Amino acid sequence: RTSVDIFPSSRLCVFVTGALNSHCVHHVFPALPRALHPAGAARLARLFPDEYRAVHDFSTLAALWVVRHETFTHVVEMKDLVRLANGRWLRQCGLDVASVALLVAVTAAMPATTLF
């Protein structure tokens, strides 16, 4: 229940990511060629409508990014992600910007020779 396919029906996304966007399809149909992953995603959605998890729009993708660190005690459906992420957007943005700023500061302060 933790694997998610991101834009599985997009041939452009399959091409750009090398089919890494179709993780569920890859595990269910490991011998399926990348070019057929969109068809495999459609088949999974038809066979397992309640279990197959796929992101088909940018608002759900953004919500998934916001709640990626959360631990839920109940099953969360994809349709509920946007509601669960509501009100957490700014906090998550602030935390991610602070993490990047800290990484940049540490990298700038530490000479490259001390890393190796």
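Definitions and limits used
- Residues numbered from 1 in each chain as written.
- Predicted model: local features only at pLDDT ≥ 70, side-chain atom pairs only at ≥ 80, totals over all residues.
- Heavy atoms only, no water.
- Helix = DSSP H or I, 4+ residues; strand = E, 2+ residues; numbered from the N terminus.
- Contact = heavy atoms within 4.5 Å.
- Phe/Tyr/Trp six-rings, centres within 6.5 Å; stacked < 30°, edge-to-face > 60°.
- Buried < 20%, exposed > 50% of the residue type's maximum accessible area, 1.4 Å probe, protein only.
- Salt bridge = Lys/Arg side-chain N within 4 Å of Asp/Glu carboxyl O.
- Axes fitted to C-alpha atoms, helices over the stretch in contact; angles between N-to-C directions.
- Parallel < 35°, antiparallel > 145°, perpendicular 65-115°, else oblique.
- Left-handed = near helix turned anticlockwise from the far one by under 90°.
- Nonpolar A, V, L, I, M, F, W, Y, C, P; charged D, E, K, R; others polar.

### Some thoughts on the side chain of Asn-21
Along the polypeptide, Asn-21 turns up in the loop between helix 1 (11-17) and helix 2 (23-28). Residues in contact with Asn-21, not counting those within four places in the same chain, are Val-4, Asp-5, Ile-6, Phe-7, Pro-8, Cys-13 and Val-14.

### A word on the packing of aromatic side chains
Inspection of the entire model under this criterion finds one aromatic pair. On the numbers, 5.1 Å between centres and 50° between planes, the contact of Phe-7 with Phe-58 is tilted. Taken together, the positions of Phe-7 in the loop between strand 1 (5-6) and helix 1 and Phe-58 in helix 4 (residues 58-66) put the pair 51 residues apart, joining distant regions of the chain. A residue is classified by how much of its surface remains accessible, and Phe-58, at 65% relative accessible area, is exposed.

### Remarks on unusual backbone geometry
If you check the backbone angles, Phe-7 has positive phi at about 50° while not being a glycine. Backbone geometry at Ala-19 places phi at a positive 75°, although glycine is not the residue there. In this structure, Ala-19 sits in the loop between helix 1 and helix 2.

### Topic: the pattern of salt bridges
Summed over all chains, the structure comprises three salt bridges. Asp-96 serves as the salt-bridge partner of Arg-68, at 3.0 Å between the closest nitrogen and oxygen. You can see Arg-68 sitting in the loop between helix 4 and helix 5 (81-85) and its partner Asp-96 sitting in helix 6 (residues 89-109), a full 28 residues away along the chain.

### Focus: the packing of helix 4 against helix 6
To characterise two packed helices, one gives the angle between the axes of the helices and the distance between these axes. Helix 6 packs onto helix 4 with a crossing angle of 60° between their chain directions and a minimal axis gap of 10 Å. Between helix 4 and helix 6, the angle falls in the class oblique. For the pair helix 4 and helix 6, the sense of crossing is left-handed. Two secondary-structure elements touch here, helix 4 through Ser-59, Ala-62, Ala-63, Trp-65 and Val-66 and helix 6 through Trp-89, Gln-92, Cys-93 and Asp-96. A breakdown of the residues in the contact of helix 4 with helix 6 according to their chemical character gives six nonpolar, two polar and one charged.

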